[in-house]
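# Residue-level structural notes
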Amino acid sequence: MSSSPEPPSPDGNLSGSAYQVVARRYRPQSFESLVGQSQVSTALANAIRTDRVGHAYLFTGARGVGKTSSARIFAKCLNCEEGPTESPCGKCEVCAAVNDGQDVDVLEIDGASNRGIDEIRELRANINVRPSRSRHKVYIIDEVHMLTTQAFNALLKTLEEPPTHVKFIFCTTDPEKIPITVLSRCQRFDFAPVEADSIANRLSEICKNEGFDADEDALALLARRANGSMRDSQSLLEQLLSFCDQKITLQDVNQMLGTADLGSVQSIVEEVVNRDSQAALGHLDRAIGKGVDPSQLGSQLVGFFRDLLVVNQGCTKDLLLTANPSDFEEIRQLADRLGSETAMACLQVFDDCLTRMRSSSHARTLVEMAIIRSSNLENLDAVSSLIQQAKSGLELVIRGDQTPAAATAGSGTPARAITDDDSTDRAPVPDNPPAKNVSPEATVPPQNPPKKKQPADEVTPAEPESPRHVSSQNIEQIWRETLENVEDIVADYASQFESVAISAPKCLVVTLDSFYKEKCEAPSVKIKFEETFARLTRQRFRIDFVASNGKPVTEKKSMISKRQKMKELENHPMVRKAIETFDGEIVDVRSANQ
């Protein structure tokens, strides 16, 4: 909602009396000057015009969005000498007293300091006294959620059926703490955060009235920093008016807030995208050398990566919150190079960094750690694409800049990894293909190096057992044997697998429900499966667990763990008789072919 600047109050600094801050001097005095809350001002104005004024209202919203100001304007509309009217005159004795917060019939109560039952009993005792000079007695209770439960209970009956001359207006930033019995007796209005453009326009009007010249970029940065709070933006402007000399620039705002200019932030992000942590740390050092607060810079980096993420999703420059909209084309190119998966990972890294800063005195070190971690992230979008190919049963195409993903097809068939050099009419891929044309990460060292010749007079030691052949045909049977030899409750979880496959050389992938996956992928549990599998096959395989993403299972794998078999055998008559006769116990269960 558009607004025009309010003239400074007579008691402001222009009259030579005590100085009054900008947030108070330019407080809206009518619904027309209320910025960003058109839905509230329209509803209240229509209620007055149609004579549908309720007896209790609840104004909710973040700090500094106009809740208390709207309550005062509404009280003036009801009690103005020319009213009731949707446009109070602002000149009569009642309007002037309400503006100053000194009207005897408009009582502003602080819920935080008057929260007990005794204060509410006093309010109930005085509520039947008619207003001294106005039509209505208006009670404005700010931060009403701070009232105690007993105070709310004492207010219920009066709130439901107050005298005709009494109106209640409750203001709160936390409506969830208000009992539902109170909420049901009020008309609720939710105040939205004020848009950044509306805040910037209002700040521009204030600067003109104060005789200051302000750059648009500087006011836009102030508006974004306020996070939807008009009062916060005016408090920041108050500092700038004292800091600057008739001219407010973007450099002044950055210096006062301890933030870096967008060029420095973008340079750090570009080096992170380029995987050059050394250059990124250099930009960080230069920014801190100019007086930038590391925690503020961390917040700016979070905002910039957020902008890359939304641009990567196809959003326009109107949704940019940190980056400069005029650099949208460069931002879009950076977003395409980074990818959405990697952008989200960077966001998580820097968000964790900001969380740890609250309890650490090493802010710069934490930001440097976040930059290094983000610079060393893999291309997560390429990995995600390979996993999706594997799950869909397609063959994986591994390029020079990609790493084979550990994944499996939903049908249980192992996904084969092929390279761009493979021809279309290729021979069937063996179960354990050689490392030729596979990326360095997938190369496996030979398991059986050549044996040295022994002298004739020396005794040749016994030959070690050869590794067990592992292929897609017998991998499920070997996995079942592995589960039977793992004496742990997690073997029961792993037995609920949906599929098991070989996705890469020496890499085994087991598909489980997400609940069982979380249980099995713990490092201490995962190593048990890998060691047991290596003992049975005499080969070292890496075992990865992946979630099935809730897909329906066509064939439920029925498997009985060793623990369950032992319990069943204890109930067998012959086994029970043997245990009683020999005073023994079951220590192991093996299949006939073991």
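Conventions we followed
- Residues numbered from 1 in each chain as written.
- Predicted model: local features only at pLDDT ≥ 70, side-chain atom pairs only at ≥ 80, totals over all residues.
- Heavy atoms only, no water.
- Pairing = 2+ DSSP bridges.
- Helix = DSSP H or I, 4+ residues; strand = E, 2+ residues; numbered from the N terminus.
- Axes fitted to C-alpha atoms, helices over the stretch in contact; angles between N-to-C directions.
- Contact = heavy atoms within 4.5 Å.
- pLDDT = per-residue confidence, 0-100.
- Right-handed = clockwise from strand over helix to strand, strands pointing away.
- 1 Å grid on protein atoms, 1.4 Å probe; cavity = no way out; pocket = protein on both sides within 12 Å on 5 of 7 lines; lining within 4 Å.
- Points joined across faces, edges and corners; volume = space filled by probe spheres on them.
- Nonpolar A, V, L, I, M, F, W, Y, C, P; charged D, E, K, R; others polar.

The strand order across the open sheet formed by five strands is S2-S3-S4-S1-S5, and the pairing between neighbours is parallel. Each of the sheet's edge strands pairs with one partner strand only, and the pair in question is strand S2 (106-110) and strand S5 (187-191). If you compare each strand with its neighbour and ignore which way they point, the axes differ by 15° on average. Where strand S1 (residues 56-61) meets strand S4 (residues 166-172), five bridges bridge the pair, whose relative direction is parallel. Its bridge partner lying in S4, threonine 60 is registered against threonine 172. This element, helix H2 (residues 38-49), spans S1 and S5 of the sheet and lies at about 150° to S5.

Across the chain, pLDDT averages 80, with 79% of residues at or above 70. Residue range residues 550-559 is modelled with pLDDT below 50. Its contacts to residues more than four positions away, or to other chains, number 14 contacts.

Moving on to the pairing of S2. Both S2 and strand S3 (residues 137-142) contribute to a ladder of five bridges, which runs parallel. When the bridges of S3 are listed, valine 106 appears paired with valine 138. Following the chain from S2 across helix H5 (residues 117-126) to the adjacent parallel S3, one finds a crossover that is right-handed.

Moving on, we come to the layout of surface pockets. Estimates place the volume of the largest pocket at around 1300 Å³. Ala196, Ala220, Leu221, Arg224 and Leu321 are the residues nearest the centre of the largest pocket, which is lined by 39 residues in total. Counting residues per element, the ones that place at least two in the lining of the largest pocket are helix H8 (196-210), helix H9 (216-225), helix H11 (250-257) and helix H14 (294-312). With eight residues, the top contributor of residues to the lining of the largest pocket is H9. Class assignment for the residues of the lining of the largest pocket results in 17 nonpolar, twelve polar and ten charged.

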